[in-house]
Amino acid sequence: MKSLKACKLEVIEPRAAKFHGRIARMLDGRVLIEFKSAEDAVAFSIDMQSTMRVRNRPLREDRQLQYRIGIDHGDISDAGGTVQGEPVTTAENLTELADLGGIAISGRVRDDIAENSDLNLSSLTGPRTNAEPAPTDGYGIALDDKAAAFATASQRVSTPASEVTPKTGISTARRSLSTWVAAAGIVIVLLLAGGLVWWAPWTPTEGRGPGATAELPLPDQPSIAVMPFESLTPGEHTAMLAHSMTAALITALGQVPTLFVINRSATHAYQGERTDPRETSKALGVRYILDGTLQESNGRVRATVELIDGTTGNYVWTQRYDRALDDIFAIQDEIALKVLVSLQVQLTEGDQAVVRGTGTTNVDAYLLLLQAEGTYRRFTRGAMVETRRLVRQILKLDPGYRQALLLEAQTHIIDAQWGLSGSKEASLEMAADILRQAAAMDGVMTDAEKAELLMVEAYIYQIRGDFDVAERTGNRAAALGPNNANLLAINALIQFYDRNYDESIGLLQKAMHLSPVYPSWYSLYMARNYAFKGEAKLAVEWSQDGIERAENDTLRSSNTVTIAFAYQDAGRTADAQRAAQQILDIRPDFAIRSYTRGMPFRSKEDLDRYTDALRAAGLPE
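All values reported here derive from a predicted model rather than from experimental measurement.

Brief notes about the overall build of the chain
- Counting secondary structure elements, the chain contains 25 helices and 15 strands.
- Within the chain, counting contacts between residues at least 6 apart in sequence, those at least 24 apart form 67% of the total.
- Put simply, the chain shows about 26900 Å² of open surface, and 49% of that area lies on carbon and sulfur atoms.

Structure representation (C-alpha cells):
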C-alpha cells in the first residue's frame with residue numbers, strides 16, 4: 001500500500017491536475033478520474049504510463065507497480081457521493097482488455113480524438129461482422145513517438161494560473177462534484193493497479209537480443225549491462241568460470257541502489273555473440289557495457305575486462321588481471337569494485353566514491369557499506385540502530401575500513417540531534433571518540449579521507465552550538481575535498497543554519513554538478529535556502545524535486561514541510577494548509593516540536609519564524 005500511496009501523491013495527482021482532471025474515487029488500487037475532454041484524458045494516460053515506465057525501471061522486478069487504464073465518456077450521476085454510470089462500467093471493462101502498463105479506449109473516445117491525432121491504435125475486441133464498430137469496442141494505444149507527441153502537444157494548453165499552484169500541480173480552486181457531474185460529455189479514466197508483478201521491459205522477447213533494431217530509452221540513472229564473459233580456452237571448466245564471473249558481477253552491481261543493472265536473462269541472449277556496443281546499448285536501454293574474456297593455462301587465469309560507453313562506442317577503461325587460478329574470487333571482487341567505483345565517480349558521487357572504494361579491497365564490505373548508508377538515510381531511531389549493526393558486520397569483513405567508523409559516528413550525531421538517545425552530550429562524545437579511533441587506524445590517511453573525517457567533526461560542533469568552530473572546520477574539510485559532493489552538501493547545510501544562504505546555494509549547486517544522481521536531501525536544503533530568502537516559487541520547485549527523488553516517507557514529508565513553510569511565509573495560507581494536509585497524509589504522527597527540535601539554527605529568530613509558519617499552516621504542535 002505504501003507504493004500505491006506514493007504513486008498517488010507523486011504521479012497520479014500532479015498529472016491529473018496538469019491535464020485538468022479531478023480524482024473522483026480511489027480505493028484498493030483503483031483510481032477514477034474525471035476529465036472534460038477526451039484529449040486531456042488520453043494525454044494524461046500516455047503521460048502517466050510513460051512516467052510509470054521510467055519510475056519502474058530502476059526497481060527490482062518484483063517491486064514494480066503498473067496500472068491498466070480504461071477510458072470512456074458519457075453521462076454520469078452522483079448517487080450518494082459515488083460517481084456512477086455507463087462510462088464508469090465501460091472504463092472498468094476496458095481495463096481488463098488493456099495490457100499491464102497499457103491504455104484501452106472506447107470507440108466513443110477513439111472517434112472524439114480522431115481529428116486531432118494520428119495515434120497508432122489496435123483493436124482489442126477483434127474484428128466485427130458489421131462495418132460500424134460499437135462505441136464500447138476497445139482499442140489499445142501504442143506508447144510510441146506519436147503518443148509522446150500527442151501528450152506533449154496537449155500539455156501546452158495549460159491550466160489557468162489561478163487553478164494550479166507552481167510545480168505542485170495541486171488544484172487551488174475546489175470544484176464541487178455537482179459542478180463536474182452537470183457537465184456534458186464527461187470523460188472517465190479508470191486506473192487499475194496491476195499489483196507488484198514480475199515484469200520488466202528489457203526482458204528478451206521476440207525481436208530482442210542480437211540483431212534487434214528496437215531502441216529503448218536510457219534510464220535517468222547510471223545504467224550498465226554485464227555481457228557474458230567469453231571463454232578463450234577450450235573446455236567446459238573455463239566456460240563455467242566465465243559464466244560464474246558474469247553472474248558474480250551482475251549480483252554485485254545489482255546491489256547498488258543508484259545503478260540500473262540489466263538482469264541476466266536479458267544479456268544471456270548475447271551468449272557467444274560479438275555485437276557492436278552501440279547497438280547493444282540501444283537494444284537494452286543502457287549506457288555502459290561491461291565486456292570481458294577469460295583464459296586458463298597451467299593453473300593460472302587471465303581476465304581482460306572492458307568498460308565501454310555504449311552511446312559513443314568509446315572505451316572508459318580496460319584492465320587485465322593475471323592470477324593463480326586459486327585467486328579467481330579475488331579477481332571477481334577486484335573487477336566488481338573497480339566498476340562500482342568507476343561508475344559512481346563519473347556519474348553519481350564523485351570523490352566520495354573514491355574514498356569509499358579505496359578504503360577497502362573487500363567488495364562485500366563495500367556493498368555492505370552502501371547498504372548501511374541507505375539504512376542511515378532513513379533518519380529514524382531504528383535506522384540508526386540497524387546501521388550500527390551493519391557497521392559491526394563490515395568491520396568483521398575489513399577491520400581497517402575507516403569509512404565504516406565514520407558512518408557509525410554519524411549515527412550518534414543523529415541520535416544527539418533529534419533526541420533519539422538518553423543524552424545529547426553522551427551521544428556527541430561517543431561520536432567524537434569513534435572519530436578518534438578512525439584517525440588512529442593503521443595506514444596514512446589521504447587528504448580525501450581527512451576531509452571526510454573533518455566534516456563529521458564539523459557537524460558535531462554545529463549540533464553542540466559551536467557555530468564558528470563548525471564553520472571553520474567545515475571550510476577546511478571542503479578545501480581538502482573540493483570534488484567530494486557529499487562534503488560540499490554538508491558544508492552547505494552548516495552554512496544554511498548560519499544564514500549564509502547564497503553561499504549554501506553555491507555549494508549545493510557544485511555538489512549537484514559533481515553528483516548528478518544526487519540524494520533528495522540536497523534538494524531539501526536548496527529549497528530551505530530559497531524559502532528563508534523569501535523566494536517561495538523556487539522553494540516549491542526545489543521541494544518538488546526533492547519529493548520526486550525522496551528515498552522514503554521521512555524525506556518526502558520533509559520536502560513537503562518546506563512547501564508549507566514557503567507558502568505560509570509568503571502569506572499564501574490556503575496553499576500552505578493544503579501542503580500541511582499532505583504532510584499529515586504521509587506522516588499522521590507529525591508534530592512541530594519533535595520535527596524542529598534538532599534543527600541547529602544559529603539564530604533563535606529563524607527557528608521561531610519556521611515554527612510559527614508551520615503552526616499557522618495548521619500543523620499540530
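Continuing now.
As for unusual backbone geometry
- One non-glycine residue, His20, lies in positive phi territory at about 65°.
- On the basis of relative accessibility, which here comes to 22%, the residue His20 falls in the partly exposed class.

Brief notes about helix 13 (residues 381–397)
- The end-to-end C-alpha distance of helix 13, which contains 17 residues, comes to 25 Å, matching closely the 24 Å that a straight helix rising 1.5 Å per residue would cover.
- Turning to helix 13, its buried residues number three or more, namely Ala383, Met384, Thr387, Arg388, Leu390, Val391 and Ile394. One side of helix 13 carries all its buried residues, which in axial view fall inside an arc of 165°. Exposed residues on helix 13 whose side chains face more than 90 degrees from its buried face are Arg392 and Lys396.
- Elements in contact with the buried residues of helix 13: helix 12 (363–376) and helix 14 (402–417).

Digging into the side chain of Asp545
- Looking at the secondary structure, you find Asp545 in helix 21 (residues 536–549).
- Excluding residues that lie within four positions of it along the chain, Asp545 makes contacts with Tyr518 and Ser523.

Thoughts on the nonpolar core
- Counting residues in each nonpolar core, the largest one holds 76 residues, and the members touching the most others are Trp521, Tyr522, Tyr525, Tyr610 and Leu614.
- The element contributing the most residues to this core is helix 18 (residues 485–497), with ten residues.
- Excluding its chain neighbours within four sequence positions, the residues that come into contact with Trp521 are Asn486, Ala489, Ile490, Leu493 and Leu555.
- In this structure, Val226, Leu241, Ile328 and Leu337 belong to the second largest nonpolar core, which totals 49 residues.

Brief notes about the environment of Phe329
- Among the secondary structure elements, Phe329 is positioned in helix 10 (residues 328–348).
- By relative accessible area, Phe329 is classed as exposed at 58%.
- Sequence separation of Phe329 and Ala248 is 81 residues, and the distance between their C-alpha atoms is 9.2 Å.

Quick word on the pairing of strand 13 (residues 288–297)
- In terms of burial, strand 13 is a largely internal element, eight of the ten residues being buried.
- Two strands pair when backbone bridges link them, and strand 10 (residues 223–226) and strand 13 are joined in this way by three bridges, in the parallel orientation. In the strand pairing of strand 13, Ala225 is matched with Ile289.
- Inspection of the sheet shows strand 11 (residues 230–231) paired to strand 13 by two bridges, in the parallel sense.

Re the environment of Ser543
- Along the polypeptide, Ser543 turns up in helix 21.
- Each C-alpha atom of the pair Ser543 and Tyr522 lies 10.0 Å from the other, and the pair is 21 residues apart in sequence.
- Look past the residues within four positions of Ser543 in its chain and what remains in contact with it is Ala527, Asn559, Thr562 and Ile563.
- A distance of 3.4 Å separates a polar atom in the side chain of Ser543 from the backbone oxygen of Asn559.

Remarks on the pattern of salt bridges
- Under the counting rule described, the total for this entry stands at 32 salt bridges.
- Linking Glu449 and Arg402 is a salt bridge whose minimum nitrogen-to-oxygen distance equals 3.4 Å. Placement of Glu449 in helix 16 (residues 447–464) and of Arg402 in helix 14 is noted, with a sequence separation of 47 residues between them.
- What makes Glu449 buried here is its relative accessible area of 9%.
- For the salt bridge of Arg602 with Asp498, the shortest nitrogen-to-oxygen distance reads 3.5 Å. A residue pair is termed long-range when its members are at least 10 positions apart, and Arg602 in the loop between helix 24 (592–596) and helix 25 (604–616) and Asp498 in the loop between helix 18 and helix 19 (501–514) qualify at 104 residues.
- Residue class for Asp498 comes out buried when judged on its relative accessible area of 8%.
- Because the salt bridges share partners, they merge into one network encompassing Glu425, Glu429, Asp433, Arg436 and Arg464.

Some remarks on the packing of aromatic side chains
- Scanning the model with the defined rule gives 19 aromatic pairs in all.
- Between Phe496 and Tyr525, the ring centres sit 5.8 Å apart and the planes meet at 75°, which makes this aromatic pair edge-to-face. You can see Phe496 sitting in helix 18 and its partner Tyr525 sitting in helix 20 (residues 520–532), a full 29 residues away along the chain. There is no split in this pair, since Phe496 and Tyr525 are both buried.
- Here the aromatic rings of Phe590 and Tyr595 are separated by 5.1 Å at their centres, their planes lie at 45°, and the arrangement is tilted.
- Counting every residue linked through ring pairs, the aromatic cluster contains Phe496, Tyr497, Tyr501, Tyr518, Trp521, Tyr522, Tyr525, Phe532, Phe565, Phe601 and Tyr610.
- Residue placement shows Arg528 over the ring face of Tyr525; its charged tip is 4.9 Å from the ring centre.

Describing the packing of helix 18 against helix 20
- It is the contact of helix 18 with helix 20, at a shortest axis distance of 10 Å, that shows an interaxial angle of 25°. In this view, helix 18 runs roughly parallel relative to helix 20, as classed from their interaxial angle. For the crossing formed where helix 18 meets helix 20, the hand is left-handed. Here Ala485, Asn486, Ala489, Ile490, Leu493, Phe496 and Tyr497 of helix 18 lie close against helix 20, whose contacting residues are Trp521, Tyr522, Tyr525, Arg528, Asn529 and Phe532.
- Here the residues of the contact of helix 18 with helix 20 are counted per class, giving ten nonpolar, two polar and one charged.

Some details on the side chain of Asn362
- Note that Asn362 resides in the loop between helix 11 (351–358) and helix 12.
- Classification of Asn362 as buried rests on a relative accessible area of 19%.
- Within the local environment of Asn362, its side chain forms a polar contact with the backbone nitrogen of Asp364, the two atoms lying 2.9 Å apart.
- Here the side chain of Asn362 touches Ala365 through a polar contact of 3.0 Å, landing on its backbone nitrogen.

Quick notes on the rules
- Residues numbered from 1 in each chain as written.
- Predicted model: local features only at pLDDT ≥ 70, side-chain atom pairs only at ≥ 80, totals over all residues.
- Heavy atoms only, no water.
- Helix = DSSP H or I, 4+ residues; strand = E, 2+ residues; numbered from the N terminus.
- Contact = heavy atoms within 4.5 Å.
- Areas by Shrake-Rupley, 256 points an atom, 1.4 Å probe, with all protein chains shown as cover.
- Buried < 20%, exposed > 50% of the residue type's maximum accessible area, 1.4 Å probe, protein only.
- Expected span 1.5 Å × (residues − 1).
- Arc of directions from axis to C-beta.
- Core = buried A, V, L, I, M, F, W, Y, C linked by side-chain atoms within 4.5 Å.
- Pairing = 2+ DSSP bridges.
- Polar contact = N/O pair within 3.5 Å; in protein donor to acceptor, adjacent residues only side chain to side chain.
- Salt bridge = Lys/Arg side-chain N within 4 Å of Asp/Glu carboxyl O.
- Phe/Tyr/Trp six-rings, centres within 6.5 Å; stacked < 30°, edge-to-face > 60°.
- Lys NZ or Arg CZ within 6 Å of the ring centre and 35° of its normal.
- Axes fitted to C-alpha atoms, helices over the stretch in contact; angles between N-to-C directions.
- Parallel < 35°, antiparallel > 145°, perpendicular 65-115°, else oblique.
- Left-handed = near helix turned anticlockwise from the far one by under 90°.
- Nonpolar A, V, L, I, M, F, W, Y, C, P; charged D, E, K, R; others polar.

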